[in-house]
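Chain residues, written in single-letter form:
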Amino acid sequence: MSTVDNKRPVAVVVQTHWDREWYFPHQTFVARLIEVMSRVVTQLESGKLQQFLFDGQTAAYEDLLTNAEPGLVSRVQELVKAKRIVLGPWYVMADEFLVQGESLLRNLEIGIGDAVAAGNCQYVGYLPDTFGHIGQMPQLLANFNIFSAVMWRGVDSPVAEFDWQSPDGTRVGAIFLTQGYYQHPLNVADWQAALVRYLDNVAARSLSTSTELLLTQGGDHLLSVDAIGDRLASFNSTNKQYQLSEKSLADHAETIIAQTIGHRQTIRGALRNNAQVFVLPDVLSTRRYLKRLNQEAEDRLLGVVEPLLAQLQFDEYPARYLQDTWRMVIQQQAHDSICGCSVDQVHREMVARYQLIDQRLNALVDRVVVAGGLMSNEQHPLQVNATPDVFADDTRFTLFNPLPMAFTGSQVVSLFLRGEKRSALSMRPLAGGSFAGTLLRCELISVLPDTMLRSPIDDFPERLEGHRYEVLVRCEIAGLEALTCVIEDTTTAPLLPPTDAMPAAIENRHYRVFLNDDSELSITNRLTGQTLAPALSFFSELDAGDSYNFSPPPNQHRIAQTMYSFVSSLVLAGMQELVLAVTLTTPQSLSADRTERSAETVTNTGLLRIRLLADEADESVIDFSLKWTNRASDQRTRLILALPAPVEHTFSDSGFEWVRHPVKYADYPTSVTRQEMPVVVNPSLSVIVAGDLVFLHRAMHEYEVLQVNGQQMLGVTLVRSVGWMSRRDLVTRGVGAGPDMATPEAQCLGAEVFVFQIALGSPAIHPLTAAQRFRRPLVCLRGSTSRWSAGIEIDNQALQISAVRRVGDSLELRLWNPTDVGQSFALSSGPWQRITANGAPCAGTTSLVKPHEIVTLRCRR
């Protein structure tokens, strides 16, 4: 260790943490960004500041280049090239539990690409403020040649230096910011005393008395004082214990890892412990509509757009348009954005941006359909060919399997057909699949009037009149292949109108779903004979918390609803449907003093549609769609599921990991303290398993095992209604997590739709494989083409598909293994080359994925 007069060295990393939106909306912070960075640039150019860490995320740098005057942009770019302004490795600092692992990987891919193109990249996993960390983060970082991490929240370590290990065994050297990243002692009036206090505190948490210490000088949206250089020199000349010098975070991390090698303890897996630092766990369910919009965008990119672009043959690949769409999606995943813990205006703007993302995704699909020859966008093409005209409906359509695994079973598809309402349909495959040339089994579920606007690029737009048909189709399609179908006249049985004799129960070989004598929803597992009743109920309790944490008021009020009323049912050969209504009367809100319930009440309503399929491949799951209308404020409503048997742990998915969670019951404090209550809610991206109960879902991220009347239940949060961004009077967290600002729109009044599936018993395939098909179903496209590349199948269904995309002239496939044993596999085409996530060739077999390993493969096309 280099010392000056035996003083302990301190690396001073001057930085800012830049939330692009939070307590101010984005454009307000953009204006502040220009002001702050203008002064930082002047400090750097004058020599008052040696180096500046631009928060480890390039989106803020992108905002600066887009909005600053050209003169400032040029000065910033020169300082970046000179490595005086440090960038990367992230594009944004995303929440890690609310987004797909693939989104985190693309986040790094874009951030590193931006930083390298600008002139320098910090290869440190800098994660100062995210609300906990997924267990696979070390493996993600190592895939991009990043072997150190610096973080704050979620860590429970007695010392600052440790090794962080992923489930696959990958380790990175880690630095715990024991006092947090938001430290600006050099900015305050009594700066010398503040600096000594800080250094004494971090020194007490260091692994040894000789290691270099770290000061991250800065904070949220802050700059440092002009006198920082003079203050460092003054302090060094008078203080006998510490020697301060400006240094890059990467250099400090390299120094610390070298100094502590062989002495660091190992911490394994996810970091969500809040014994030392708040992790703000209930952001998992705040403003749930944002989580739903994010998953819809992710699923369309990963389950529609990229597989289509990979498999359809055409010349002009929209690489820039696609990456810019990814940028827009990832911008929304910044932790203060997707977590729903910003002011109302921020989240209104997010909804508007999701609408723009939806438009871009529609445009990408339309572009693929036209470029791939499925449809024409011209009314008067120069060459007449077999491509359907621009005004064609879905009479000729294509079903595309976006996964490299065969699909066998039934799926509901939506088709628009022009003209008068048809009472029956038949479908004949024209090419692809084992059904080519024979009629597919299909049944009408519903028909509604509809219109479509078609706009050719060479003539006037036209409004088409017709109907929207919801059709149940059974088919078999190989991995990454397409099945072209045509609608024909039919003499099959028409859609029957409802009758007064609708059954109040539905069933298939696996289940019987019915209302019992107490009007409770009951599910009988016909394979075991066990009946769960009430199988599905609703539970509401008052919430005096804020957007970060649930908190019960002093006088809690809870209410449950187990009773339903029958609405309708439908019985088809391949499907049965039951529709039920439910009401839940609750207090309208908290009382004015927030200690108890209000005297007024409101009635929340739900419409629950339940479907059972008769196909052997699909009959093991029960399909649900719930439209829930919330009219209550200051409360949390949960869906309560009965468990077939008591459990000691549950499983759920996070980014590239299948995680085991021991059961922990909530023990709410009765008084306000500065400590955050221990975390009891668990995150889930797509699936929860509790014993013999499998729960597949879309964006229902927060769950907890509860004790209800002495019986274990699974509680999945539907709605958290809160009116404050942050408060300081919570029994679950008595200190503010941000400014105390009212957010009335976070009460989430109105309707939301929740889509989920339930299975009972041991599934035939891994629950993650079922969730994968649930989130990436068959894609229905208007028109047909022969320009499909050869399909690809993987023969091991335990392996999970993260991405299928085109990269240059190659097909890229990313797999991961959620199990504790190695999984061998074979692919139906090749040869394949194994690469790192950043595209560099690497050693390793192309026929085995080690336990918990993420593998990226490429094949030239």
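Residues numbered from 1 in each chain as written. Predicted model: local features only at pLDDT ≥ 70, side-chain atom pairs only at ≥ 80, totals over all residues. Heavy atoms only, no water.

Q: Mind showing me how you'd approach the nonpolar core here?
A: If you look at soluble globular proteins, the nonpolar side chains tend to sit buried side by side. Residues Phe54, Ile85, Val513, Leu536, Ile610, Phe624 and Phe756 are the most contacted members of the largest nonpolar core, which totals 223 residues. Here the element with the most residues in this core is helix H9 (residues 288–311); it accounts for eleven residues. Apart from residues lying up to four places away in sequence, phenylalanine 54 is in contact with Thr16, Leu33, Met37, Ala60, Tyr61, Leu64, Ile85, Val86 and Leu87. Listed in part, the 21 residues of the second largest apolar core include Leu417, Leu425, Val447 and Ile487. (Core = buried A, V, L, I, M, F, W, Y, C linked by side-chain atoms within 4.5 Å. Buried < 20%, exposed > 50% of the residue type's maximum accessible area, 1.4 Å probe, protein only. Helix = DSSP H or I, 4+ residues; strand = E, 2+ residues; numbered from the N terminus. Contact = heavy atoms within 4.5 Å.)

Q: When you look at the packing of aromatic side chains in this model, what are you seeing that I'm missing?
A: How two aromatic rings sit relative to each other is given by the distance of their centres and the angle of their planes. Within this structure, the stated rule accounts for 17 aromatic pairs. On the numbers, 5.0 Å between centres and 10° between planes, the contact of phenylalanine 624 with phenylalanine 756 is stacked. Of this pair, phenylalanine 624 sits in strand E26 (residues 622–630) while phenylalanine 756 sits in strand E35 (residues 750–760), placing them 132 residues apart in sequence. Each of the two residues, phenylalanine 624 as well as phenylalanine 756, counts as buried. Among the aromatic residues, those joined into a ring-pair cluster are Trp18, Trp22, Tyr23, Phe24 and Phe29. Lying across the ring of tyrosine 321, arginine 360 places its NZ or CZ 3.9 Å from the centre. The ring of phenylalanine 550 is capped by arginine 636, whose NZ or CZ atom sits 3.6 Å from the centre of that ring. (Phe/Tyr/Trp six-rings, centres within 6.5 Å; stacked < 30°, edge-to-face > 60°. Lys NZ or Arg CZ within 6 Å of the ring centre and 35° of its normal.)

Q: Mind showing me how you'd approach H9 here?
A: Along an α-helix, residues three or four apart share an orientation, since each turn contains 3.6 residues. For H9, which comprises 24 residues, the first-to-last C-alpha distance of 34 Å matches the rise-based estimate of 34 Å (1.5 Å per residue) to within 8%. At leucine 301, H9 shows its maximal bend, which comes to roughly 35°. (Expected span 1.5 Å × (residues − 1). Bend = angle between axes of the 7 residues up to and from the residue.)

Q: Could you clarify how one ought to interpret the sheet that holds strand E42 (residues 854–860) in this entry?
A: Each strand in a sheet pairs with its neighbour through backbone hydrogen bonds, running either in the same direction (parallel) or in the opposite one (antiparallel). Here four strands make up an open sheet; going across it, the order is E37-E38-E42-E40 and the pairing antiparallel. Two strands lie at the open edges of the sheet, namely strand E37 (800–807) and strand E40 (833–835), each paired on one side alone. Sheet twist, expressed as the average angle between the axes of neighbouring strands with direction ignored, equals 25°. As paired strands, E40 and E42 are joined by three bridges and run antiparallel to one another. Residue glutamine 833 lies in a different strand from E42, and its bridge partner there is arginine 858. (Pairing = 2+ DSSP bridges. Axes fitted to C-alpha atoms, helices over the stretch in contact; angles between N-to-C directions.)

Q: Where do I start with the sheet that holds strand E27 (residues 635–642) in this structure?
A: The strand order across the open sheet built from six strands is E22-E21-E27-E34-E33-E30, with neighbouring strands paired in antiparallel fashion. With partners counted over all chains shown, the strands left at the sheet margins are strand E22 (558–561) and strand E30 (682–683), one partner each.

Q: How do you make sense of the packing of helix H1 (residues 26–46) against helix H2 (residues 58–67) when you look at a structure like this?
A: Packed helix pairs are specified by the crossing angle of their axes together with the interaxial distance, meaning the distance between the axes. Interaxial distance between H1 and H2 falls to 10 Å at its minimum, and their mutual angle equals 85°. Classed by the angle they form, the pair H1 and H2 counts as roughly perpendicular. On H2, the residues that touch His26, Gln27, Val30, Leu33, Ile34 and Met37 of H1 are Ala60, Asp63, Leu64 and Asn67. The class makeup of the residues in the contact of H1 with H2 is six nonpolar, three polar and one charged. (Parallel < 35°, antiparallel > 145°, perpendicular 65-115°, else oblique. Nonpolar A, V, L, I, M, F, W, Y, C, P; charged D, E, K, R; others polar.)

Q: Which parts of the structure should I look at to understand the pattern of salt bridges?
A: Here the structure, examined in full by the defined rule, presents 50 salt bridges. The salt bridge involving glutamate 752 is made with arginine 292; its shortest N-O contact spans 2.7 Å. Residue glutamate 752 is located in strand E35, and its partner arginine 292 is located in helix H9; the two are separated by 460 residues in the primary sequence. Overall, glutamate 752 belongs to the buried group, its relative accessible area being 15%. Residue arginine 292 is classed as partly exposed on the basis of its relative accessible area, which comes to 22%. Aspartate 543 is the salt-bridge partner of arginine 720, the closest N and O atoms lying 3.1 Å from each other. (Salt bridge = Lys/Arg side-chain N within 4 Å of Asp/Glu carboxyl O.)

Q: For this particular structure, what's the right way to read unusual backbone geometry?
A: Glycine aside, the phi torsion of most residues is negative, and most peptide linkages are trans. Cis geometry marks the peptide bond from alanine 533 to proline 534, where omega comes out at -10°. Here the amide bond leading from glycine 830 into proline 831 is cis, since omega sits at 5°, within 30 degrees of zero. Among the structural elements, proline 831 can be located in the loop between strand E39 (823–824) and E40. Despite not being glycine, histidine 221 has its phi angle at roughly 60°, a positive value. One can find histidine 221 in the loop between strand E8 (213–217) and helix H7 (228–238). Phi angles above zero are rare outside glycine, and serine 519 is one such case at about 65°. Within the secondary structure, serine 519 is located in the loop between strand E18 (511–515) and strand E19 (521–525). Note on serine 519: relative accessible area 23%, which makes it partly exposed.

Q: Looking at this structure, I do not really get helix H8 (residues 249–259). What am I missing?
A: Of all the residues in H8, the buried ones are Leu249, His252, Ala253 and Ile256. Considered in projection along H8, the buried side chains sweep an arc of 100° and stay on one side of the axis. Exposed residues on H8 whose side chains face more than 90 degrees from its buried face are Glu254 and Ala258. (Arc of directions from axis to C-beta.)

Q: Please clarify how the side chain of glutamate 102 should be interpreted in this entry.
A: Its place among the elements puts glutamate 102 in helix H4 (residues 101–118). A polar side-chain atom of glutamate 102 sits 2.5 Å from a polar atom in the side chain of serine 802. (Polar contact = N/O pair within 3.5 Å; in protein donor to acceptor, adjacent residues only side chain to side chain.)

Q: Any chance you could explain the state of the cysteines here in plain terms?
A: Here, the word disulfide means a covalent bond between the sulfur atoms of two cysteines. Scanning all chains against the criterion turns up zero disulfides. The structure places no disulfide on cysteine 780, whose sulfur is separated from the nearest cysteine sulfur, that of cysteine 485, by 8.4 Å. By relative accessible area, cysteine 780 is classed as partly exposed at 29%. Residue cysteine 842 stays outside any disulfide, its sulfur separated by 16 Å from that of cysteine 859, the closest cysteine. Classification of cysteine 842 as partly exposed rests on a relative accessible area of 30%. (Disulfide = S-S within 2.5 Å.)

Q: I tried to follow the pairing of strand E16 (residues 482–488) on my own but got confused; where do I start?
A: In regular strands, side chains alternate between the two faces of the sheet. The element E16 is extensively covered by neighbouring structure, given that six of its seven residues are classed as buried. Here strand E11 (residues 396–400) pairs with E16 via five bridges, running antiparallel. If you follow leucine 399 over to E16, its bridge partner there is leucine 483.

Q: Would you explain the environment of valine 368 in this entry?
A: With respect to the helices and strands, the residue valine 368 is situated in helix H12 (residues 344–371). If we skip the residues at most four places from it in the chain, valine 368 touches Leu308, Leu309, Leu312 and Phe314.

Q: Can you help me understand the side chain of serine 686 in this one?
A: Residue position: serine 686 is located in the loop between E30 and strand E31 (687–690). Judged by relative accessible area, serine 686 falls into the buried class, the value being 5%. A distance of 2.9 Å separates polar atoms of two side chains, one belonging to serine 686 and the other to arginine 775. In this structure serine 686 touches Gln100, Asp653, Phe695, Leu696, His697, Ala771 and Arg775, once residues within four positions along its chain are discounted.

Geometric descriptors of this kind do not, in isolation, establish any biological role.
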